[in-house]
Amino acid sequence: MSNSETVTADDPGVLERRREDLNRVVYRFKQNPMSILGLCIIFGFVFIAIFAPYIAPYPNDAGYQNQPAVHFDQKFESPSAEHLFGTDQAGRDIFSRVLFGTRLSLRIGVVVLAAAVSIGVPVGLVAGYLGGGVGMALMRITDVFLSVPPLVLALAVSVALEPNLTNVMLAIAAVWWPWYARLTYGEVLSVKEETYVEASRGIGATSTRTIFREILPNVLAPITVKMSLDMGYAILVAASLGFLGLGAQPPTPEWGTMVSQGRDYMPAQWWYSTFPGLAIFLIVLGFNFLGDGLRDMFDVEVQ
Amino acid sequence: MGHRNYLIKRGLSTIPMFVGLSVLIFTLARVIPGRPARLALGPRASDEAVQNLREQMGLDKPLWEQYFDYVGGVIQGDLGQSLISNRNVATDLMEYFPATFELTTLAMIIAVFVGVPLGVVAGQHKDRWPDNASRLFSFFNVSLPPFWAGILLQLVIAFQLGWLPATGRVGDVSPMPIETTGLLLVDSLLAFNVPAFVSATQHLILPAITLSLAPIADIARMTRSSFIEEYDKDYVEGLRTHGIPERLIAYKYVLRRSFASSLTIIGLDYGFLLGSAFVVEIVFSWPGMASYGVEAILQKDINAMVGVTLVVGASFLLVNFAVDVLYGVFDPRVWHDGDSQ
Amino acid sequence: MADPILSVDDLSVEFETYEGRHHVLDGVDLTVEEGETVALVGETGCGKSVTAKSIMGTLPRPPGEITSGSITYDGTGLLADADAHARVQGEEMSMIFQDPMTYLSPVYPVGSMMADVATYSGGEDVSWLGMLKNLLGRRANRGEIRERSIELLDRMRIPDPEGTLDRYPVELSGGMRQRVIVAMALINDPTFLIADEPTTALDVTVQDQILSLLRERVEERDLSMLYITHNLGVAREIADRICIMYAGEIVEVGTTEEIFDAPLHPYTRGLLDSIPKLTGFEGDGIDGQIPDYTDPPTGCRFHPRCPAAMAGTCDVEPVESHAVGDDRAVACHLYEDGMSFGEAATVAEEEAGGPTDEPVTAEAGGEP
């Protein structure tokens, strides 16, 4: 047990200050109306994702329960009370398909970022903590990754893969981790400079302990902010791959794929591309609002 | 003096990045599950055919040997055979690259000329309505999927209003200007071919605007924050105390310094822009390198895809090198790194 | 006697911040005669710079607000007339800043900034076309301005003045930069100069050089100067008269010799005591800190720190400035209007209790 820890727990002043800090953080978040709006949008999408089968008027049109439905007699109906977003070339209800698409997009975002963080953060931690030749080499590698735009690199990776949802996530995660490695690396360096890490080393704390107790909590805030900002962008990249035909294949109700299919029926069936695209726009906007609010709240710089 | 040393140092540091880039892309293309020859020929091809292609592509050699063969080729301008066009990938790229370059460059020019003033106005009116409006506008821009934004522009401006063509690079113009640079705008100007120039411009506008949306937002935000930061500096107060007009302070002194910060973002954005070009070129049927790259991926044409990725990565590195050089022009302090006390 | 070139009367400035209203200046009176150098001395945060900014018209408003008082320059009321203020600011007044590291633009050669000061001072606006010309380096009297700049830099004893004009601040040492800043302040041949701690950021030898350069120039051109510093030693070197400032009020005014020979205000005495002396004698200094401006102490703002504070008087009654003798003023309850200088000096002497006495502690402050 280190001294610093006992002091922290017993000193009411510190707790008091922590509570004040937290209050200020919450206050700052509330000060930013856009971040509240972002939070509402995200909650809305999560709600839709969970309850899609109950909200969607025609769940089977989106392939729910592996019972894909087609109604060629209803194809290309323009938006109406019955079909809010109209129908597609197979007479399927676009509204229902867009609702179900929420599940895919959120899943892609979460899986990609979870994978990217669990590769990138350890790499950054190790590189930053060890420093020297190993650290240098690791960061050079990440630099190389960062020199190619993520979408292009993801495309390059997906050449060798079958186009499907899992591989899209794999491809994006494979090119996304360096951003987290770089961010963590920078934070570790700046935290290392600060004296308290020196101090905890001085009283005999092990390296692992230093990493987990001192450095990790400090990199948490910037990583959270970056994840929130990236979530939207990862969804966007996945949708782009879908749009190019490299992601989920029809009839999966993936938004990017739907926009791409709708393109073939432009401009007469304008609704086909428009509504799935709107959904992408809204979810990305929500995450951007939220991420920006979080950035103000934690007062951190990312990228 | 500092100039030359700085440039040399910065230039040299790009070389290992190039090497790393080539290794990375090469590794991705060869090591990832699924072998290139099998991918290229498809599952129904006979094993013998696959084996022949492997030998033909040199895939039976050890990996490091393959790499050096490839790099040797690259240095001589040989990027391997494309499986779809049956030409050298380098030849294909020479044909398609200028169209992409023209598009992305114009998009970047639009982004700078819209984004920087937007950022300055927002910075000058910090926390008042022009700032909030610009902030909201930026959020919308970065959140728009480029392919969808392109489709909306096509729907409204091309199909509904009929103002501009929806797809392609140039209309039915004859004679077409002789290709010298491959940049249609430049070529048609060189040949004083007004109809071709007008048509090319009309075709460029929508895709260029689509591509510029996200960088506009980034540049505006970056300019705003660095402008505000710079406006707070002591020397600004000093200039004001000496009675220097506010306009001169803002545009001569403050903007120059904050533009240097924006340049960094411009370099990064160029990379994202090259990425977005892949979807935007598809939307607008733009005959560029990105369209070629997408085709290559769909057809599992490994050499073509590696070539495209290499060119994209290299352009990105070069743009960032150029940005760093320009940075020194706007903020001469970097040149004196080390020779000041 | 002629009218003073600058007179500040009853100037009060408040700052609106999220903590509340700060009463930063509370009825400041100050005069500078023609050809005179006045030092404004006080601790960091006592309102010296706010006074300077109010005079120069660069007080940020909001959050700052001038709530009362007037500033008269050469017969012109500046606060009432913004145009006159801008004109005077550009043509007749000038200012030297504290930190040579941050008061020069890092991205232009120093000559470019000097030329802009030479060209645009005086508050006239610049058209977009004019600015374009400026950026392209085409201005009307380019050669003349350059010559003037070179001559000034030469007067500032800068080696290779011509080459220096084309250098960036990053290439110059702190002392050289401060000389450039002084030259920039002098380029329009001002008649009144404010120097805001121009030597604080420099090392001692350079300090002396800059001070003597300034003194030379003041004598040569008969400049009037308000010299702001927290260092009484520096003030003694340069000033004819000294104003001691504490917490937004002028507490004592006198000629330099008088202030040093016979300080009247307990605060002045404290300041003098805190000057390190070569004999090794360390003064006691003054306990405590400048008070909070949102809720300044009632009565005399200095009473919580004053060794001579009288309970029931100093903490209750607002203190007014008493003229003592011809040329002397002190804002302290120990003194009364109409006291002769001799009487005042006696009071001060008694209060100090002689140089060998134990210092009066804060708790015992109520005793006479």
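Being a predicted model, the structure only gives us computed values, none of them experimental. Each chain has its residues counted from 1, running along the sequence as written. Here chains are named by letter from A upward and ligands by number from 1 upward, in the order in which they appear as written. Where totals are concerned, whole chains, interfaces and linings use all residues; where local detail is concerned, this predicted model gives features only for residues with pLDDT of at least 70, and gives and counts side-chain atom pairs only at 80 or more. Just so you know, side-chain values use all the structure's heavy atoms and leave hydrogens and water out.

Asker: I tried to follow the overall build of chain B on my own but got confused; where do I start?
Answerer: Every helix listed is a DSSP run of H or I at least four residues long, and every strand listed is a run of E at least two residues long, numbered separately from the N terminus. The secondary structure content of chain B amounts to 13 helices and 0 strands. Counting helices and strands in the order they occur from the N terminus, chain B gives α-α-α-α-α-α-α-α-α-α-α-α-α. Principal axes of the C-alpha set define a box for chain B whose edges measure 85 × 60 × 40 Å. Any residue under 20% of the maximum accessible area for its type is buried, any over 50% is exposed, and the rest in between are partly exposed; the area is computed with a 1.4 Å probe on protein chains only. Going through the 341 residues of chain B one by one, you find that 54% of them count as buried. Throughout, a contact is declared for two residues whenever any of their heavy atoms are within 4.5 Å. Pairs at least 24 apart in sequence give 70% of the contacts found in chain B among residues at least 6 apart.

Asker: Where do I start with the UniProt feature "transmembrane region" (unreviewed entry) in chain A in this structure?
Answerer: Residue and element names in this part refer to chain A. According to UniProt, the positions carrying the feature "transmembrane region" (unreviewed entry) are residues 36–56, 108–132, 231–250 and 270–290. Annotation note: span residues 36–56, helix share 95%, strand share 0%, distance between end C-alpha atoms 26 Å. Note that residues 270–290 is 100% helix and 0% strand, and that its end C-alpha atoms are spaced 30 Å apart. UniProt positions are given in the numbering used here, feature names are shortened, and annotations may be inferred rather than shown by experiment.

Asker: Is there a simple way to explain the side chain of Thr-229 of chain C in this structure?
Answerer: All names here are of chain C. Relative to the helices and strands, Thr-229 is located in strand β8 (residues 224–229). You can call Thr-229 buried: its relative accessible area is 4%. N or O atoms within 3.5 Å of each other form a polar contact, as long as, within protein, one can give a hydrogen and the other can take it, and as long as residues adjacent in sequence are counted only when both atoms are side-chain atoms. Looking at Thr-229, its side chain comes within polar contact range of the main-chain nitrogen of Asn-231, at 2.9 Å. With sequence-adjacent residues up to four places away left out, Thr-229 is seen in contact with Leu-40, Val-41, Gly-42, Lys-48, Glu-197, Val-234 and Ala-235.

Asker: Would you explain the sheet that holds strand β3 (residues 37–41) of chain C in this entry?
Answerer: Residue and element names in this part refer to chain C. Read across the open sheet, the 8 strands follow the order β6-β7-β8-β3-β9-β10-β12-β11; overall the sheet is mixed. Each edge of the open sheet carries a strand with a single partner, namely β6 (93–96) and β11 (322–324). Here the strands of the sheet are splayed against their neighbours by 20 degrees on average, with no regard to which way each runs. Sheet analysis places β11 next to strand β12 (residues 328–330), joined by 3 bridges and oriented antiparallel. Paired with Val-324 across the two strands is Arg-328, which belongs to β12. By the convention used here, strands pair only if DSSP detects at least 2 bridges between them. To obtain each axis, a line is fitted to C-alpha atoms, and for helices this fit is confined to the stretch in contact; angles are then taken between N-to-C directions over 0 to 180 degrees.

Asker: Could you clarify how one ought to interpret the confidence of the model for chain B in this entry?
Answerer: In low-pLDDT segments, the atomic positions of the prediction should not be examined closely. Across chain B, the average pLDDT comes to 83, with 94% of residues at or above 70. With pTM at 0.79, the complex prediction returns an ipTM value of 0.84. In predicted models, pLDDT denotes the confidence assigned by the predictor to each residue on a 0 to 100 scale.

Asker: Explanation requested: the pattern of salt bridges in the structure shown.
Answerer: Residues and elements named next belong to chain C. For this analysis, a salt bridge means a side-chain nitrogen from Lys or Arg found within 4 Å of a carboxyl oxygen belonging to Asp or Glu. Going through the model one piece at a time under the given rule, you end up with 27 salt bridges over all chains. A salt bridge links Arg-217 to Glu-220; the nearest nitrogen and oxygen atoms lie 4.0 Å apart. Of this pair, Arg-217 and Glu-220 both sit in helix α8 (residues 204–221), 3 residues apart, which is roughly one turn of that helix. Note on Arg-217: relative accessible area 8%, which makes it buried. The class for Glu-220 is partly exposed, based on a relative accessible area of 40%. Between Arg-221 and Glu-220 there is a salt bridge whose closest N-O contact spans 4.0 Å.

Asker: Sorry if this is basic, but what is going on with a nonpolar patch on the surface here?
Answerer: Each patch is assembled from residues with relative accessible area greater than 30% and no salt bridge, linking like charges that lie within 9 Å and nonpolar side chains (Val, Leu, Ile, Met, Phe, Trp, Tyr) that lie within 5 Å. Note on areas: Shrake-Rupley, 1.4 Å probe, and residue coverage restricted to the protein chains presented here. There is a patch of nonpolar side chains on the surface, built from Val-46, Phe-47, Ile-50, Phe-51, Tyr-54 and Ile-55 of chain A and spanning about 590 Å² of accessible area. Here Val-46 of chain A shows up in helix α3 (residues 33–55).

Asker: Where do I start with the interface of chain C and chain B in this structure?
Answerer: Every contact between the two is made by 38 residues of chain C and, on the other side, 26 residues of chain B. Summed over both partners, the accessible surface that disappears when two parts come together, traced with a 1.4 Å probe, is what is meant by buried area. Summing both partners gives a buried area of about 2900 Å² for chain C against chain B, and 65% of it is carried by carbon and sulfur. Among the residues chain C hides against chain B, the three largest losses belong to Val-107, Tyr-108 and Val-170 of chain C. Together they make up 19% of the total. Here chain C is connected to chain B by 2 salt bridges. In this assembly, chain C and chain B are joined by 7 residue pairs in polar contact (both at pLDDT 80 or more). Elements supplying a minimum of two residues to the side of chain C that touches chain B: α1 (48–56), β6, α3 (110–120), α4 (128–135) and α7 (174–186) of chain C. Polar here means any residue outside two lists: the nonpolar Ala, Val, Leu, Ile, Met, Phe, Trp, Tyr, Cys and Pro, and the charged Asp, Glu, Lys and Arg; Gly therefore counts as polar. Considering only residue class, the side of chain C that touches chain B consists of 20 nonpolar, 12 polar and 6 charged.

Asker: What is the right way to look at the packing of aromatic side chains in this model?
Answerer: Working definition: rings of Phe, Tyr and Trp (its six-membered ring) pair if their centres are within 6.5 Å, and the pair is stacked with planes under 30 degrees apart, edge-to-face with planes over 60 apart, and tilted otherwise. Inspection of the entire model under this criterion finds 26 aromatic pairs over all chains. Centroid distance Tyr-96 of chain B to Tyr-292 of chain B: 5.0 Å. Interplanar angle 25 degrees. Geometry classified as stacked. Of this pair, Tyr-96 of chain B sits in helix α5 (residues 89–124) while Tyr-292 of chain B sits in helix α12 (residues 289–298), placing them 196 residues apart in sequence. You can call Tyr-96 of chain B partly exposed: its relative accessible area is 23%. Counting every residue linked through ring pairs, the aromatic cluster contains Phe-85, Phe-95, Trp-270, Trp-271 and Phe-275 of chain A. Should the NZ of a Lys or the CZ of an Arg lie within 6 Å of a ring centre and within 35 degrees of the ring normal, that charge is described as sitting over the ring. We note Lys-226 of chain A situated over the ring of Tyr-180 of chain A; from NZ or CZ to the ring centre the distance is 5.8 Å. Directly above the aromatic system of Tyr-108 of chain C lies the positively charged group of Lys-252 of chain B, at a separation of 5.0 Å from the ring centroid.

Asker: Where do I start with the interface of chain B and chain A in this structure?
Answerer: Accessible area lost during the coming together of the parts is what is often quoted as the interface size. Taken together, the contact pairs 44 residues of chain B with 48 residues of chain A. Counting the surface lost from both chain B and chain A, the interface buries some 4100 Å², and carbon and sulfur atoms represent 81% of this. On the chain B side of the interface with chain A, the three residues burying the most area are Phe-139, Phe-147 and Trp-148 of chain B, jointly 15% of the side's total. Where chain B packs against chain A, one counts 1 salt bridge. Viewed at the interface, chain A and chain B are joined by 6 residue pairs in polar contact (both at pLDDT 80 or more). Of all the elements in the fold, those that place two or more residues in the side of chain B that touches chain A are α1 (2–31), α6 (129–143), α7 (146–160), α11 (246–283), α12 and α13 (302–330) of chain B. Looking at which element gives the most residues to the side of chain B that touches chain A, the answer is α11 of chain B, with 9 residues. Per-class residue counts for the side of chain B that touches chain A are 33 nonpolar, 9 polar and 2 charged.

Asker: Looking at this structure, I do not really get the nonpolar core. What am I missing?
Answerer: Note that soluble globular proteins tend to have their nonpolar side chains buried in a common cluster. What we call a nonpolar core is a set of buried Ala, Val, Leu, Ile, Met, Phe, Trp, Tyr and Cys residues that are connected through their side-chain atoms within 4.5 Å. Membership of the largest hydrophobic core comes to 288 residues, with the highest contact counts inside it found for Phe-192, Ile-242 and Tyr-335 of chain C. It is α11 of chain B that provides the largest number of residues to this core, a total of 18 residues. Just so you know, the domain bounds were taken from an automatic or database domain assignment. Formed jointly, this core draws a minimum of three residues from each of two domains, domain 1 (101–189) and domain 2 (270–365) of chain C. The residues contacting Ile-242 of chain C, other than those within four sequence positions of it, are Ala-39, Val-41, Leu-232, Ala-235, Glu-252, Val-253, Gly-254, Thr-256, Ile-259 and Phe-260 of chain C.

Asker: Could you clarify how one ought to interpret the UniProt feature "domain: ABC transmembrane type-1" (unreviewed entry) in chain B in this entry?
Answerer: On the UniProt side, "domain: ABC transmembrane type-1" (unreviewed entry) is annotated at positions that read residues 97–327 of chain B here. As annotated, residues 97–327 of chain B has a helix share of 80% and a strand share of 0%, and its two end C-alpha atoms lie 27 Å apart.

Asker: Just to check I follow, could you spell out a negative patch on the surface for this structure?
Answerer: Counting rule for charge: Lys and Arg are taken as positive, Asp and Glu as negative, and neither His nor the chain ends is counted. Lys charges are placed at NZ, Arg charges at CZ, Asp charges at CG and Glu charges at CD. A contiguous patch of negative charge on the surface is contributed by Asp-3, Glu-34, Asp-74 and Asp-222 of chain C. Summarising the element assignment, Glu-34 of chain C is placed in the loop between β2 (20–32) and β3.

Asker: Hey, could you run me through α1 of chain C in this one?
Answerer: Because each turn of an α-helix spans 3.6 residues, side chains separated by three or four positions end up pointing in the same direction. Residue and element names in this part refer to chain C. Burial runs high along α1: 7 of the 9 residues are buried. Within the span of α1, buried status applies to Lys-48, Val-50, Thr-51, Ala-52, Ser-54, Ile-55 and Met-56. Two residues or fewer after α1 comes Gly-57, characterised by a positive phi angle close to 75 degrees.

Asker: Could you clarify how one ought to interpret the pairing of strand β4 (residues 64–73) of chain C in this entry?
Answerer: Consecutive residues of a regular strand have side chains that alternate between opposite faces of the sheet. Residues and elements named next belong to chain C. Note: strand β1 (residues 6–17) against β4, 8 bridges, orientation antiparallel. Of the residues in β4, the one forming a bridge with Ser-12 is Ser-68. Relative to strand β5 (residues 76–77), β4 is paired through 2 bridges, and the arrangement is antiparallel. Across the sheet, Tyr-73 pairs through a bridge with Thr-76, a residue of β5. Where β4 folds back on β5, the antiparallel hairpin that results is connected by 2 residues, among which Asp-74 adopts a positive phi of roughly 50 degrees.

Asker: Looking at this structure, I do not really get the confidence of the model for chain A. What am I missing?
Answerer: With 87% of its residues at a pLDDT of at least 70, chain A reaches an overall mean of 81. Per-residue pLDDT stays below 50 along residues 1–10 of chain A; that stretch engages in 8 contacts with residues further than four places along the chain or on separate chains.

Asker: How do you make sense of the pairing of β8 of chain C when you look at a structure like this?
Answerer: Residues and elements named next belong to chain C. Here β8 lies mainly inside the structure; 6 of its 6 residues are buried. Residues of β8 alternate between two faces, with Ser-224, Leu-226 and Ile-228 on one and Met-225, Tyr-227 and Thr-229 on the opposite face, all of them buried. When strand β7 (residues 192–196) meets β8, the two strands line up parallel, connected through 5 bridges. Looking across to β8, one finds that Ala-195 is bridged to Tyr-227. Crossovers are described as right-handed under a simple rule: with the strands pointing away from the observer, the path leading from the first strand over the helix to the second runs clockwise. In this fold, β7 hands off to α8, which returns the chain to β8; that crossover is right-handed.

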